[in-house]
Amino acid sequence: MRFAEVDSFDQWRAEARRLLALDVPPADVHWSTASAQPSLFDDAPAEASHRPHRSVSTPSPAFTVPPAFLELAREVACHRDPIRWQVLYSVLWRLLHGERALLKVTVDNDVLRLTRMRKEVTRDVHKMKAFVRFRKVTDGDGEESYVAWHRPDHQIVRLAAPFFSRRFPAMHWSILTPDESVRWDQRELHYGPGVPVSEAPNADALEEVWKTYYASIFNPARLKVRAMKREMPVRHWATLPEAGLIEELLREAPKRVGEMIERTEGFEQTAMHYMPAELDLASLRMAANCCTACPLHGPATQTVFGEGGENARLMIVGEQPGDQEDVAGKPFIGPAGQLLDEILGRAGIARHDVYVTNVVKHFKYVATDSPGASSRGTHRLHQKPNSREIFACRPWLEAEIATIRPEAMVCLGVTAAQALFGRDFRMTQQRGEVLPTEWCANTMATWHPAAILRMPDPARRDQMREQLAGDLRFLWSMLDRPPSSELPPASSH
Ligand code: URA
Ligand code: SF4
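As the structure is a computational prediction, the values presented were derived from the model and not from experiment. (Residues numbered from 1 in each chain as written. Chains lettered and ligands numbered in written order. Predicted model: local features only at pLDDT ≥ 70, side-chain atom pairs only at ≥ 80, totals over all residues. Heavy atoms only, no water.)

1. With respect to the sheet that holds strand β13 (residues 408-412)
Strand order in this open sheet of 4 strands is β10-β9-β13-β14, and the pairing throughout is parallel. Only two strands of the sheet have a single partner each, and these edge strands are β10 (354-358) and β14 (442-446). Recorded for the sheet is a direction-independent mean angle of 20° between the axes of neighbouring strands. As judged from the 4 bridges shared by strand β9 (residues 314-318) and β13, these two strands associate in the parallel manner. Each residue of the ladder has a partner; that of Ile316, found in β13, is Val410. Packing of helix α13 (residues 413-421) onto the sheet brings it into contact with β9, β13 and β14, and relative to β13 it is tilted by some 135°. Each of β9, β13 and β14 touches helix α16 (residues 458-478); the most contacted strand, β14, lies at about 175° to it. (Pairing = 2+ DSSP bridges. Helix = DSSP H or I, 4+ residues; strand = E, 2+ residues; numbered from the N terminus. Axes fitted to C-alpha atoms, helices over the stretch in contact; angles between N-to-C directions. Contact = heavy atoms within 4.5 Å.)

Structural data, given as C-alpha cells:
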C-alpha cells in the first residue's frame, strides 16, 4: 500500500503522475488530504497566486489525459469529500487502461460520483458569487477597501476568486472564508489563511476582524514585522513597533471569539435560513412563501415575491408591497404600479423585459381607525421597513438578482437605493446616475412613483414624472451598446 497526501489539484496531479509512472493501481493507494491551511496565528505570510507544493521528482510518462477529465478533476478537487482523490485516481487509471470513453458512461459509479461532486462544487461557486456581500472598511493607512465574509460548503475560493477580480477590477477587496482568504489589489490575487469558523463575523464584526487580523496579514509593510518577529527571540518582540498589538491579539483572542459568537447569534434570523438549494424563480418563490425570518410576516396577508421572466433584462426594485399588493400577492399593481406601467410604456420598455420586485417582501403597516375607510373599519397605513427587516429580507433580493442576472437595475426610492448603494446614497444628488454595484454593472436609482403621487405641488409632480421617464429611457438606451468587457459571461460556471 502506498500513501499519498495531497491538498490541491496540482498536488494530486503530481502524485497521480508519479504513481502512474510506477504503474500503481488504484487499489494500492491510500489517498488522504493534507491539512492545508495555516491557522490564523501562524506566521505564514500571504502568498501570491500559487500555493507552492512539495516538489516531487516527476517522471513524465508518455500518456495523454482527455482535457475534459482535467477540467472535471480541477473542479472536483475543490470538493470537501475526502474520497475525491481516490475516485479521481481511479477514473484516471481506467481512462488510461482501455476505457478511453469512460466519461461518457454516465451510469458508471465513479463517473456518477465525480459528476455529483462537480455539480455540488459548481452550485457552491454560484452561491458564492450570488451571496458574497462586501462591506466598505478603511485600512490602517486610511485606504478604502471592501471586505466580505463567506462560508462556502467546499474549498472553492480559488475557483470563485477570478470572477470577483473581473467583476470588481478597480477595487481593493478581500473575501474571508474558513478555508482561506483572498485579496485583490487591483493587479493580482493573493491568498492567505482562513478565518476560524468560531470567529465567523457578522456584518458589524467584519470590520473589526479585518482590521485586527487581516489588514496586517495582507499588508506587505506589516508583513516585514511578522517576518522579523519570526527570526527574533521572544524577549526582543517588545521593541518591535507592533509587538504590543501582537501580544494583545494573542492574549485577547479567546475573549474576542466569545464576543463574536454572541454577536453573531442574533443574526441567525434572515431569509438565508429559508433559502432553497436551487436558485430558480419557482423554487425561490415557493421558499419565500414560508419565510418568517422577521416579524413582518405576522400581520401581512402573504409574501409578495418579485414578478417577471428569468430572462428579464431590467430589474426594478421597489421598497415593499403596499396594501393592494399585499392582498393580491403581486408587486406594483396598486396606484404606484399603475403609474410605473404607464411610464415604462412611454419609455418604450416592454413588460416582458422587466422583472419587478421589492427590497422587503411583506407589507409593513399600522392599522388606524379612519372614518369612511373600507369595510374592515381600519385603514392600513404604510410604514417604512427598518434596517433589521431590510437586512433579514435581503437574501431574497440577492437570490433574485443571481438568478436573473439583469443587465440593468433600477432602485425606486430611497429605501431601495440605500439597500443597494449603501446608506450614504442621496437621491437629490445621485438620482439618474448609472453606476456599477456589486449586483449589476448598470445600477441606477430614481424617484419612486409613490413619491410622485404624493407630491402636492403639481409642477414639481410633473417634473418628477418626466425625470422618472427620462431616467428609465436613458438606462434602457444604454443597454443597446456593446456590453462592458468587465462583465463575466453569464454562466462562467
Ligand atoms: N410600492 C413599492 O415599493 N412596491 C410595490 O410593490 C408597490 C408599491
Ligand atoms: Fe421573510 Fe422578508 Fe417577509 Fe421578513 S419581510 S418575513 S425576511 S420575506
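2. Thoughts on helix α2 (residues 67-76)
Three or more residues of α2 are buried, namely Phe69, Leu72, Ala73, Glu75 and Val76. Buried residues of α2, viewed axially, fall in a sector of 165°; they line one side. On its buried face, α2 is in contact with α1 (9-21), α3 (84-96), α4 (109-131) and α5 (157-167). (Buried < 20%, exposed > 50% of the residue type's maximum accessible area, 1.4 Å probe, protein only. Arc of directions from axis to C-beta.)

3. Things to note about the site of ligand 1
Taken together, the neighbourhood of ligand 1 is formed by Gly318, Glu319, Gln320, Pro321, Gly322, Glu325, Pro331, Phe332, Asn358 and His448. His448 is positioned with one of its side-chain polar atoms (N or O) 2.7 Å from an oxygen atom of ligand 1. A total of 230 Å² of accessible area belongs to ligand 1 in isolation, and the protein chains cover 92% of it. For the shell around ligand 1, the class distribution of residues is 3 nonpolar, 5 polar and 2 charged. (Near = heavy atom within 4 Å. Polar contact = N/O pair within 3.5 Å; in protein donor to acceptor, adjacent residues only side chain to side chain. Areas by Shrake-Rupley, 256 points an atom, 1.4 Å probe, with all protein chains shown as cover. Nonpolar A, V, L, I, M, F, W, Y, C, P; charged D, E, K, R; others polar.)

4. Focus on the packing of aromatic side chains
The relation between two aromatic rings is expressed through the spacing of the ring centres and the mutual angle of the planes. By the definition in use, this model includes 12 aromatic pairs. The interplanar angle of 55° and the centroid separation of 6.0 Å between the aromatic rings of Phe134 and Trp173 together place this pair among those described as tilted. Residue Phe134 is found in the loop between α4 and β4 (135-138), and its partner Trp173 is found in strand β6 (residues 173-176); the two are separated by 39 residues along the sequence. Classification of Trp173 as buried rests on a relative accessible area of 0%. Ring centres of Phe305 and Trp396 lie 6.3 Å apart, and the angle between their planes is 80°; this geometry places the pair in the edge-to-face category. In this pair, Phe305 is assigned in the loop between α9 (281-289) and β9 and Trp396 in helix α12 (residues 387-404), connecting sequence segments 91 residues apart. Over the ring of Tyr191 we find Arg158; its NZ or CZ atom is 4.0 Å from the centre of that ring. In this structure, Arg380 is placed above the aromatic ring of Tyr365, and the distance from its NZ or CZ to the ring centre is 4.8 Å. (Phe/Tyr/Trp six-rings, centres within 6.5 Å; stacked < 30°, edge-to-face > 60°. Lys NZ or Arg CZ within 6 Å of the ring centre and 35° of its normal.)

5. What about the site of ligand 2?
Taken together, the residues surrounding ligand 2 are Cys291, Ala293, Cys294, His297, Val360, Lys361, His362, Ala392, Cys393 and Trp396. A molecule is said to occupy a pocket when more than half its atoms come within 2 Å of that pocket's grid points, and by this definition ligand 2 occupies the largest cavity. (1 Å grid on protein atoms, 1.4 Å probe; cavity = no way out; pocket = protein on both sides within 12 Å on 5 of 7 lines; lining within 4 Å. Sits in = over half its atoms within 2 Å of the grid points.)

6. Quick word on unusual backbone geometry
Peptide bonds are mostly trans, and most non-glycine residues show a negative phi. The phi dihedral of Asp23 is positive, around 60°, even though this residue is not glycine. When you line up the elements, Asp23 lands in the loop between α1 and β2 (29-33). Positive phi values are uncommon outside glycine, yet Phe332 reaches one of about 50°. Among the secondary structure elements, Phe332 is positioned in the loop between α10 (323-328) and α11 (335-346).

7. A look at the pattern of salt bridges
Per the counting criterion, the structure on display carries 21 salt bridges. One salt bridge in this structure joins Arg116 and Glu120, with 3.3 Å as the shortest N-O distance. Taken as a pair, Arg116 and Glu120 lie in helix α4 at a separation of 4 residues, close to a single helical turn. Accessibility expressed as a relative area gives 37% for Arg116, which makes it partly exposed. (Salt bridge = Lys/Arg side-chain N within 4 Å of Asp/Glu carboxyl O.)

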